[in-house]
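As a plain string of letters, each chain reads:
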Amino acid sequence: MTLAALVALAALAGCAGVICRPATIVVAAKDTHVRLESEFLGVTTDHAGRVVERRRDVIVLEYWVRDQEGHWHRVAEAAWRRAAVGEPLEVCR
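My aim in this report is to walk through the structure given alongside it, one point at a time. Position numbers for residues start from 1 in each chain and track the written sequence from start to end. It should be noted that, the model being predicted, local features are given only for residues of pLDDT at least 70 and side-chain atom pairs only at 80 or more, the latter also being counted only at that level, while totals for whole chains, interfaces and linings use all residues. Side-chain measures here rest on the full set of heavy atoms in the structure, leaving out hydrogens and waters.

1. Quick notes on the sheet that holds strand β2 (residues 51-67)
Remark on secondary structure: sheet strands pair via backbone hydrogen bonds, oriented parallel or antiparallel. Strands are labelled as partners when DSSP assigns at least two bridges between them. Think of it this way: any DSSP run of H or I at least four residues long counts as a helix, any run of E at least two long counts as a strand, and we number them from the N terminus. Judged by pairing direction, the sheet is antiparallel, and its four strands sit side by side in the order β3-β2-β1-β4 without closing on themselves. Each edge of the open sheet carries a strand with a single partner, namely β3 (72-75) and β4 (88-92). The sheet shows a mean angle of 35° between the axes of neighbouring strands, taken without regard to direction. Here an axis means a line fitted to C-alpha atoms, over the contact stretch when the element is a helix, while the angle between two N-to-C directions is reported on a 0 to 180 degree scale.

What follows is the structure, encoded as structure tokens:
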């Protein structure tokens, strides 16, 4: 097996956990979570000539729905907005 084939195989194996397995759930509840994340903007030098990181705090919203078994699923904002309690919704597992 060539080196390129081995690298491609390793890359695909690393993505196995990210693949979406669609499932339809019945929405029992909806929720949003807010968290603060530090975003890296680059590096610069300060007045003394030291190298310092430039960062910015960003508010990140996460959208979640709970199924009837009590499991929470993170969904996109559009899916969260159209989700209604008691109605089916397709999510990734």
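That covers the picture; the talk isn't over yet.
2. Examining the state of the cysteines
By convention in this document, the label disulfide applies to cysteine sulfur atom pairs within 2.5 Å. All chains considered together, the criterion is met by one disulfide. Here Cys20 pairs with Cys92 through a disulfide, and the sulfurs are 1.8 Å apart. Between Cys20 and Cys92, the disulfide has an S-S torsion of -90° and is therefore left-handed. With Cys20 in the loop between α1 (3-14) and β1 (22-45) and Cys92 in strand β4, the pair connects residues that are 72 residues apart, well separated along the chain.

3. Remarks on the packing of aromatic side chains
We call Phe, Tyr and Trp rings a pair once their centres come within 6.5 Å, taking the six-membered ring for Trp, and we label the pair stacked below 30 degrees between planes, edge-to-face above 60, and tilted otherwise. Going through the model one piece at a time under the given rule, you end up with one aromatic pair. Where Tyr63 meets Trp80, the ring centres are 5.2 Å apart and the plane angle is 45°; that geometry is what we call tilted. Taken together, the positions of Tyr63 in strand β2 and Trp80 in helix α2 (residues 77-82) put the pair 17 residues apart, joining distant regions of the chain. Here Tyr63 matches Trp80 in class, with each residue buried. Working definition: with a 1.4 Å probe on protein chains only, accessible area under 20% of the residue-type maximum means buried, over 50% means exposed, and in between means partly exposed.

4. Details of the pairing of β1
Pairing between β1 and β4: five bridges, direction antiparallel. Residue pairing across strands places Ile25 opposite Leu89, the latter belonging to β4. One ladder, built from 17 bridges, connects β1 with β2; its direction is antiparallel. Residue Arg35 lies in a different strand from β2, and its bridge partner there is Val60.

5. Observations regarding the pattern of salt bridges
Just to be clear on terms, a salt bridge is a Lys or Arg side-chain nitrogen sitting within 4 Å of an Asp or Glu carboxyl oxygen. Counting across every chain of the model gives eight salt bridges. Two residues, Arg56 and Glu39, come together in a salt bridge whose shortest N-O distance is 2.3 Å. Of the two residues, Arg56 is situated in strand β2 and Glu39 in strand β1; the sequence distance between them amounts to 17 residues. Within the structure, one salt-bridge network assembled from shared partners comprises Arg35, Glu37, Glu62 and Arg74.

6. Some details on a nonpolar patch on the surface
For patch building, the residue pool is restricted to those with more than 30% relative accessible area and no salt bridge; the joining distance is 9 Å between like charges and 5 Å between nonpolar side chains (Val, Leu, Ile, Met, Phe, Trp, Tyr). Computed with a 1.4 Å probe, the accessible areas rest on the Shrake-Rupley method; for each residue, only the protein chains presented here act as cover. On the surface, Val34, Leu36, Ile59 and Leu61 cluster together into a nonpolar patch covering about 430 Å² of accessible area. Listing elements by their share of the nonpolar patch, those giving two or more residues are β1 and β2. Within the secondary structure, Leu61 sits in strand β2.

That is the geometry; function is a separate question.
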